[in-house]
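Examination of the molecular architecture
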Amino acid sequence: MTRTAAVAVQNALEQGSVTILYRPRVEEQDPGDLGDVQRLLILLRPEGSAFERLIAVGRKRLPRSSRHDRLWGFIDLVLTAFDMSAALGADVYGTRTRR
């Protein structure tokens, strides 16, 4: 039995932009590999909608389609564009080891 790799998408539920973001570890300015990344995020901005969705990806990497990797993620925030930029802004706070 033969499988075809090309699949035509006929009915899209929504269109818009996708932005991939990361949050570096504490005091890491320029991460060089995945060990320096604390969290991987995907921001969905649908066209014609006032709300944006932020997806948090569990393993800090996207799946490889050739291996059919499975990973988990969840919708972390659903906010307006103004509130989303405020939520994604930098937080400065002291810890026991770094003040």
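Up top is the structure these notes are about.
The following paragraphs examine the structure supplied in this document. (Residues numbered from 1 in each chain as written. Predicted model: local features only at pLDDT ≥ 70, side-chain atom pairs only at ≥ 80, totals over all residues. Heavy atoms only, no water.)

Before going further, it helps to examine the pairing of strand β3 (residues 51-57). For β3, the buried fraction is high: five of the seven residues fall into the buried class. Here five bridges tie strand β2 (residues 37-46) to β3, and the two strands are oriented antiparallel to one another. The partner of I42 across the bridge, within β3, is I55. Of the pairings in the sheet, the one linking β3 to strand β4 (residues 73-80) comprises seven bridges and is antiparallel in character. By the bridge assignment for β4, L54 is matched with L77. (Buried < 20%, exposed > 50% of the residue type's maximum accessible area, 1.4 Å probe, protein only. Helix = DSSP H or I, 4+ residues; strand = E, 2+ residues; numbered from the N terminus. Pairing = 2+ DSSP bridges.)

Right, let's talk about the environment of R53 for a bit. Along the chain, the position of R53 falls in strand β3. Residue class for R53 comes out partly exposed when judged on its relative accessible area of 24%. Placed 28 residues apart in sequence, R53 and A81 show a C-alpha to C-alpha distance of 9.5 Å. With residues up to four places along the chain from it excluded, the contact list for R53 reads E14, I42, L43, L44, P46, I75, L77, V78 and M84. (Contact = heavy atoms within 4.5 Å.)

With that settled, the discussion passes to the sheet that holds β4. Here four strands make up an open sheet; going across it, the order is β1-β2-β3-β4 and the pairing antiparallel. Where the open sheet ends on each side, the last strands, each with one partner, are β1 (16-24) and β4. The mean inter-strand angle of the sheet, taken between neighbouring strand axes irrespective of direction, is 25°. The pairing of β1 with β2 spans nine bridges and is antiparallel. In the strand pairing of β2, Y22 is matched with L40. (Axes fitted to C-alpha atoms, helices over the stretch in contact; angles between N-to-C directions.)

Within the fold, L21 resides in strand β1. As for L21 and L54, which are separated by 33 residues in sequence, their C-alpha atoms are 9.7 Å apart. Not counting chain neighbours up to four residues away, the residues in contact with L21 comprise R39, L40, L41, L43, L54 and L88.

Here we take up the nonpolar core. Ranked by size, the top nonpolar core spans five residues in total: L41, L43, L54, A56 and M84. Looking at this core, the elements that each hand over two or more residues are β2 and β3. Excluding residues that lie within four positions of it along the chain, L43 makes contacts with S17, V18, T19, L21, E52, R53, L54 and M84. (Core = buried A, V, L, I, M, F, W, Y, C linked by side-chain atoms within 4.5 Å.)

Where nonpolar side chains cluster on the molecular surface, the patch consists of F51, I75 and V78 and spans about 280 Å² of accessible area. Summarising the element assignment, I75 is placed in strand β4. (Patch = residues over 30% accessible without salt bridge, like charges linked within 9 Å, V, L, I, M, F, W, Y side chains within 5 Å. Areas by Shrake-Rupley, 256 points an atom, 1.4 Å probe, with all protein chains shown as cover. Salt bridge = Lys/Arg side-chain N within 4 Å of Asp/Glu carboxyl O.)

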